[in-house]
Amino acid sequence: MHLPRIRYGRRLSYSDYIYNFFATLSGLTVFNIEFFKQAFKPPFEVAEIRKHMDELGVKTFGIVSITGFIIGLVLAMQSQPVMVRFGAGDSLPGMVSLSVVRELGPVITALIFAGRVSSGIGAELGSMRVTEQIDAMEVSAINPFKYLVVTRVIATTMILPILAIYAIIIAILGGYIAIVITEPMSFEYYRTAVVKSIAFGDFIPGVAKTFVFGYIVGLVGSYKGYTAEGGTEGVGRASTTSVVLSSLLILIFDMILVKITLWLWPTLG
Amino acid sequence: MVMADSRVVEVNKLSKSFDGHVVLNGITLNVTRAENLVVFGQSGTGKSVLLKCIIGLMIPDNGKIFINGQDISLLKINELNRIRKNIGFLFQGAALYDSMSVHDNLAFPLKRHFPERSNEEIENKIKHTLELVSLEDAINKMPSELSGGMKKRIGLARSIITDPELMLYDEPTTGLDPITSKEISVLILNLQKKLNMTSIVVTHDLICAEIIADRAIFLREANIAFEGNIEKLINSNDPFLKNFFSHEVISQENK
């Protein structure tokens, strides 16, 4: 696997920035192809995937819970006066749940996940790269890409949808609390209104895209860490650029996936 | 005369440059079975690059490298890995896996290369290898809990645990105090004798070289400037070698 080198330095010219843009793009493409080449070949390193799912996923539950709750709460608090003004106060549970299921839940969870996990993977693999641990693995005839990258990418791809579903549930609960603070509403009424307003077709595309977001987080973090160079400065750079690039790609792919979803299922619009 | 079949490593006209800076320029050398070759040279003269080319971590610009008669540039990754299983590599910083304990660091290559071995056999092998480097007590420690010398020993244990035929050492004693560095050097020599390994040792450390070396080469300006036994190098009249191996210049300046 040949990955183009990124040019680093304090005085980069415009041509260097353009070169780095295309080098990153081609590096990610090569990394992507390599992932699919390696992912279906044994050994499958199931224990390692499980370990990463635990480390990367379970430990993100806390922050996802807080974020999910606040999103639901703030969304309901902000929307309530407007909805009431237009005489659509009854539609508030449906509006909150649809916004959270279709867009806010998956995307905000993915962005939080990128901040927490992509930077972690970038820093960990970056530090392994600069301290020659990845080289040590390679000279021991063990495939470092398979062991370090494939396992992490599979783990992030599998764990993010679970986190997103969890965040959606918490956000909807947050929405209920925001409503109930200002006006009395039974939980049963809220639950029925939520379930009525969400169709299966709303839920599936929202959750399905989190598989893509999870894949992006794992792949970008691994790519940045795997190609880190330049000592501790390189590790820091790998960590930061992982978050920036994966967040950006999440938003770009969100736009593309929403367009595809609407094209495939026009009734959702 | 060296018999061709006793050559473990053959490097033929090896060249490597980085961004136009030539680091190795047509290096040719052979290492025979059970021989300890020491590679000297100033910092940045391509000693580590030479080792990394031999193990296949770096691809030479020109030239060939043969390991046990096989040209490694022609090998696919699976075939290269088959050869790598017979090679141990001790990195300058030991390169222990931070997230694994000493036990897991040692078990990692063993479990993957010998899946047929039982857990008991693997545990015995780990114990035995740790005894060889006198660090049986460190089995459950994490790399962050080890001193520099201990890390080197564990790195050495991990490299030899698969019983390699060829060992490559990248500055095994750099950054260690004189006593620990002597201990590591003696350990390398004893292991080589005990396991009948061939070794290439990159070092700046004269004492380490005196203990280990059967033969030494000196890299200078991208070429092998001198080759021979260690005494020949130390007693050479060449001003550059004198400068490298003695305190003469420093003492003159101090006067």
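Our subject is the structure listed above.
Given the structure is predicted, the values throughout are model-derived calculations rather than measurements. (Residues numbered from 1 in each chain as written. Chains lettered and ligands numbered in written order. Predicted model: local features only at pLDDT ≥ 70, side-chain atom pairs only at ≥ 80, totals over all residues.)

### Digging into the overall build of chain A
- Each helix and strand in chain A was counted, giving 9 helices and 0 strands.
- In terms of principal-axis extent, the alpha carbons of chain A reach across some 65 × 45 × 35 Å.
- A buried classification covers 43% of the 269 residues belonging to chain A. (Helix = DSSP H or I, 4+ residues; strand = E, 2+ residues; numbered from the N terminus. Buried ≥ 20, exposed ≤ 12 C-beta atoms within 10 Å, placed from the backbone.)

### Quick look at the sheet that holds strand 1 (residues 7-18) of chain B
All names here are of chain B.
- Within the open sheet, the 4 strands sit side by side as 2-1-4-5. Their pairing is antiparallel. Either end of the sheet is taken by a strand with one partner, and the two such strands are strand 2 (21-32) and strand 5 (70-71).
- Where strand 1 and strand 4 (residues 62-67) come together, 5 bridges link them in antiparallel fashion. Paired with V9 across the bridge in strand 4 is I67. (Pairing = 2+ DSSP bridges.)

### With respect to the nonpolar core
- The biggest cluster of nonpolar side chains holds 123 residues, and the ones touching the most others in it are A:V100, A:I216, B:V38, B:V39 and B:L168.
- Among the elements that take part in this core, helix 6 (residues 144-182) of chain A stands out by supplying 18 residues, more than any other.
- Excluding anything up to four places from it in sequence, A:I216 contacts A:S246, A:L249, A:I250 and A:F253.
- Counting residues in each nonpolar core, the second largest holds 5 residues, with A:V130, A:A228, A:V235 and A:A238 among its members. (Core = buried A, V, L, I, M, F, W, Y, C linked by C-beta atoms within 7 Å. Contact = placed C-beta atoms within 7 Å.)

### Here's the deal with the packing of helix 5 (residues 148-160) of chain B against helix 6 (residues 178-195) of chain B
Residue and element names in this part refer to chain B.
- Across the interface, helix 5 lies against helix 6 with an axial gap of 10 Å and an inter-helix angle of 15 degrees. The angle between helix 5 and helix 6 falls in the class roughly parallel. Helix-helix and strand crossings are classified by hand; for helix 5 and helix 6 the assignment is right-handed. Every residue of helix 6 that contacts helix 5 at G149, K152, L156 and I160 is listed here: T180, I184, L187, L191 and L195.
- Of the residues assigned to the contact of helix 5 with helix 6, the class counts are 6 nonpolar, 2 polar and 1 charged. (Axes fitted to C-alpha atoms, helices over the stretch in contact; angles between N-to-C directions. Parallel < 35°, antiparallel > 145°, perpendicular 65-115°, else oblique. Left-handed = near helix turned anticlockwise from the far one by under 90°. Nonpolar A, V, L, I, M, F, W, Y, C, P; charged D, E, K, R; others polar.)

### Thoughts on the pairing of strand 6 (residues 87-90) of chain B
All names here are of chain B.
- In strand 6, alternate side chains face the same way, and those of I87 and F89 on one face and G88 and L90 on the other are all buried.
- Two strands pair when backbone bridges link them, and strand 6 and strand 7 (residues 166-170) are joined in this way by 4 bridges, in the parallel orientation. Note on strand 7: the bridge partner recorded for G88 is M167.

### Description of the interface of chain B and chain A
- Residue-level contacts link 14 residues of chain B with 10 residues of chain A.
- Secondary structure elements with two or more residues in the side of chain B that touches chain A: helix 2 (77-84) and helix 3 (102-113) of chain B.
- Of the residues that constitute the side of chain B that touches chain A, the class distribution is 7 nonpolar, 3 polar and 4 charged.

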